[in-house]
Amino acid sequence: MITAIVFVKADVARIPEVAEQIAALDGVSEVYSVTGQVDLIAMVRVRDTEAVAEVISDHLNKVPGVLDTETHIAFRAYSSRDLDATFSIGD
């Protein structure tokens, strides 16, 4: 499984509808409205890099109101549950 984090700049007047359309795409697990340099962050979880390209290049980038994207591929996932398990060894 590959996780891609996609930063999305959107037409400000259309952010809610852009977010809803992105969230409806196969492979997109969540979409967050955020502050900062980008308007939305989409989490894409798919089986392989070809599927990443399909979701982002063929679909997400073509959603009306999407102005620009920047994609980051995750190498590893860390969670507080994993950290708690690590630090509880020997307790």
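Preceding this section is the structure that the text describes.
The structure displayed is predicted, hence computed values, not measured ones.

**Here's the deal with the side chain of Asp39**
Counting through the fold element by element, Asp39 comes out in the loop between β2 (28-33) and β3 (40-46). Of the side chains bearing the opposite charge, Lys9 lies closest to the buried Asp39, which forms no salt bridge; the N-O distance is 7.6 Å. For Asp39, the side chain forms a polar contact with the main-chain nitrogen of Ala10, separated by 2.7 Å. Excluding anything up to four places from it in sequence, Asp39 contacts Val8, Lys9, Ala10, Ile15, Tyr32, Ser33 and Val34.

**A word on the pairing of β3**
Counting buried residues in β3 gives six out of seven residues, a clear majority hidden from the surface. Where β2 meets β3, five bridges bridge the pair, whose relative direction is antiparallel. Looking across to β3, one finds that Glu30 is bridged to Met43. Counting the residues that bridge the hairpin from β2 to β3 gives six residues, and of these Gly36 lies at a positive phi of roughly 110 degrees.

So, how was this worked out
- Residues numbered from 1 in each chain as written.
- Predicted model: local features only at pLDDT ≥ 70, side-chain atom pairs only at ≥ 80, totals over all residues.
- Heavy atoms only, no water.
- Helix = DSSP H or I, 4+ residues; strand = E, 2+ residues; numbered from the N terminus.
- Buried < 20%, exposed > 50% of the residue type's maximum accessible area, 1.4 Å probe, protein only.
- Lys, Arg positive; Asp, Glu negative; His and termini not counted.
- Salt bridge = Lys/Arg side-chain N within 4 Å of Asp/Glu carboxyl O.
- Polar contact = N/O pair within 3.5 Å; in protein donor to acceptor, adjacent residues only side chain to side chain.
- Contact = heavy atoms within 4.5 Å.
- Pairing = 2+ DSSP bridges.

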